[in-house]
Amino acid sequence: MFRCLLQLILSLTLLVIVLTTVAILGLFHRAIYDRVWNFPREAEAWEEIRAMREEPRLQYAWQHYRGVLHSHSHLSHDSDVPFEEILDVLKETDRDFIGMSDHCDGGKGDYSLQWRGVYDGKLFFPGYELNNGFMPWGLPSEVVLDCTMDEDELAAFIDDNGGLLFFAHTERERRWDLPQLRGKEIYNIHTDFILENPLILGLSKAPSLFVNGSRYPDQSLRLIFKHPTDQIARWDEMNRERRITGISANDSHQNIGIRARVTEDDTLLIEDTSPKTIAEYPLTGWRWLLARVLFGRLDPGKEVYHFQGDPYIVSVNMVSTHVLAAELSEAAILDALEQARAFVAFDAIADARGFVFQAEDGDAIAILGEYMPFSSSTNLRGLSPYPVQFEVFRHGEPVYSYEGREFAWSPPRPGAYRVEARLNIRGRWVPWVYTNPIYLTEPAGPNATETGHLLVSASVGP
């Protein structure tokens, strides 16, 4: 009898071990594959691309800066990152500027609370992200926005006070018809999380982010990347009639994490990094003993555990908005954004400084966001520091493709032309750069009418 019972216990124990192993492998098989095979090769491929860098023979006459737009600080309810730490991140990632977008506090957006100006070589300019997607920059420090205002009144107030209105989270419906709108996000890291299938994220990608985030942070975050098809399609449609600047949104928060610290009154405080308190445990009796075994010395104020799933530096490093400006000042950077002298690039893979897209006609040159009358001698030219696949789009439709470091192409008709550039990573063409359009306008004639910023002829197709 005892022998049979022992065999049953051993069999059940073995079954539990097998089922647990299968469950762990089922949940973490993607993370293990990424750790030992996929991410090391991905990182090596990125390094190979960077090693191929050659400065293009043409450069813009403007100064070239890259920076971060749509980012949060300790002033937002869901972030606790101070400006001093943000400055350190900008230095480490070699970014030139950051446009803040903190959440309103008590229905107010106070532009005097955020850093403004150049700090140790890095430009900060204040801004807020409002509930209706409004994301205005350039308002004076004395402005305190009423974040509950009617959308039309708020847009007029922003414009009347010299602000620059952009829309955040453009996967959602917005007031696209507002005449004060100057630009929109065409890519947002947070949107990738929002639009991810919850089952796939939970069972496949989240475990890999958890396991590999510290060793392969950039490759881990790229797991969630999706080409922003819908956001770009709307952007292309709007650019047929008016100039709308496309930007990237890092949406940096550093709030997906958990930490534990010992308080002054000998309590173990567990909170997420929003920060919000999850639990508090008095360190007495067996709790003190267990915490001492797990964490070592329990000195008051000591942080004994910290896991961060979205480090500020990783989201900042992933994508940049590159601008062509006269100088590193708030006025100059905002002017570049308003005039669409900008492009979006995934610099975590490779530094996109040096990328060029322009229109040429004799001695005349038009760059990103600019207008040029179309003629039979107009050329579009693109140059890249790395071999890429260039794809030219007119009003959202692909019209030309070329692989290499440089292309020159004569478009057959007027329109808003932009370029996407892709890098060959392990045999796949991966999105790297999205430029703002160059507008080739129809010369004025008896059938021409002006629509927004563009001159279009009744004889010109879509």
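Each remark here, short or long, concerns the structure printed above.
The present account deals with the structure reproduced in this document. (Residues numbered from 1 in each chain as written. Predicted model: local features only at pLDDT ≥ 70, side-chain atom pairs only at ≥ 80, totals over all residues. Heavy atoms only, no water.)

### A closer look at the overall build of the protein
- Regarding its fold elements, the protein presents 10 helices and 28 strands.
- Among the 462 residues that make up the protein, the fraction classed as buried is 52%.
- Partitioning the intrachain contacts of the protein with sequence separation of at least 6 by distance along the chain shows that 68% fall at a separation of at least 24.
- Accessible surface, the protein as shown: approximately 21100 Å² in total, 56% of it carbon and sulfur. (Helix = DSSP H or I, 4+ residues; strand = E, 2+ residues; numbered from the N terminus. Buried < 20%, exposed > 50% of the residue type's maximum accessible area, 1.4 Å probe, protein only. Contact = heavy atoms within 4.5 Å. Areas by Shrake-Rupley, 256 points an atom, 1.4 Å probe, with all protein chains shown as cover.)

### Let's talk about the packing of aromatic side chains
- Evaluation of the coordinates by the stated rule reveals 25 aromatic pairs.
- Here the aromatic rings of Phe125 and Trp137 are separated by 6.0 Å at their centres, their planes lie at 85 degrees, and the arrangement is edge-to-face. Taken together, the residues span a long stretch of sequence, with Phe125 in strand β6 (residues 122-125) and Trp137 in strand β8 (residues 134-137) at a distance of 12 residues. Assigned by exposure class, Phe125 and Trp137 land together as buried. (Phe/Tyr/Trp six-rings, centres within 6.5 Å; stacked < 30°, edge-to-face > 60°.)

### Re the sheet that holds strand β12 (residues 245-249)
- Spatial ordering of the open sheet is given by β8-β10-β11-β12, a layout of four strands whose pairing is mixed. A single partner strand is all that each edge strand has here, and the edge strands are β8 and β12. Averaged over all pairs of adjacent strands, the angle between strand axes in this sheet comes to 35 degrees, irrespective of strand direction.
- By the bridge criterion, three bridges tie strand β10 (residues 164-167) to strand β11 (residues 181-188) in an arrangement that is parallel. (Pairing = 2+ DSSP bridges. Axes fitted to C-alpha atoms, helices over the stretch in contact; angles between N-to-C directions.)

### Considerations on the pattern of salt bridges
- For the structure shown, the criterion picks out 32 salt bridges.
- Between Arg418 and Glu420 there is a salt bridge, with the nearest N and O atoms lying 3.0 Å from each other.
- Its relative accessible area of 4% is what places Glu420 among the buried residues.
- Through salt bridges with shared partners, one network takes in Arg66, Asp94, Asp347, Asp351 and Arg353. (Salt bridge = Lys/Arg side-chain N within 4 Å of Asp/Glu carboxyl O.)

### Digging into the state of the cysteines
- The tally for this structure, following the rule as stated, stands at one disulfide.
- With a sulfur-sulfur separation of 1.9 Å, Cys104 is cross-linked through a disulfide to Cys147. The chirality of the disulfide connecting Cys104 with Cys147 is left-handed, given an S-S dihedral of about -85 degrees. Here Cys104 is found in the loop between β3 (102-103) and β4 (108-110), whereas its partner Cys147 is found in the loop between β9 (144-146) and α3 (151-160), with 43 residues between them in sequence. (Disulfide = S-S within 2.5 Å.)

### Regarding the environment of Gln339
- Take Gln339: it is sitting in the loop between α10 (330-338) and β18 (342-345).
- Between the C-alpha atom of Gln339 and that of Gly369, which follows or precedes it by 30 residues, the distance is 5.8 Å.
- Ignoring anything within four residues of it in the chain, the contact list for Gln339 reads Arg243, Thr245, Leu368 and Gly369.

### Brief notes about unusual backbone geometry
- Positive phi values are uncommon outside glycine, yet Gln254 reaches one of about 55 degrees.
- The residue Ala340 is not glycine, and still its phi comes out positive at about 65 degrees.
- What makes Ala340 buried here is its relative accessible area of 0%.

### A word on the layout of surface pockets
- By volume, the largest pocket amounts to about 780 Å³.
- Taken together, 40 residues form the lining of the largest pocket, with Phe193, Asn255, Ile256, Gly309 and Asp310 sitting closest to its centre.
- Only α4 (189-195), α5 (198-212), α6 (217-222), β16 (303-308) and α9 (312-318) provide two or more residues apiece to the lining of the largest pocket.
- Roughly 310 Å³ of volume is contained in the second largest pocket.
- Lining the second largest pocket are 14 residues, and of these Glu42, Arg222, Leu223, Arg428 and Val430 sit closest to its centre.
- Those elements that place two or more of their residues in the lining of the second largest pocket are α1 (2-51), α6 and β25 (428-435).
- At five residues, the largest contribution of residues to the lining of the second largest pocket is made by α1.
- Residues of the lining of the second largest pocket, tallied by class, amount to seven nonpolar, two polar and five charged. (1 Å grid on protein atoms, 1.4 Å probe; cavity = no way out; pocket = protein on both sides within 12 Å on 5 of 7 lines; lining within 4 Å. Points joined across faces, edges and corners; volume = space filled by probe spheres on them. Nonpolar A, V, L, I, M, F, W, Y, C, P; charged D, E, K, R; others polar.)

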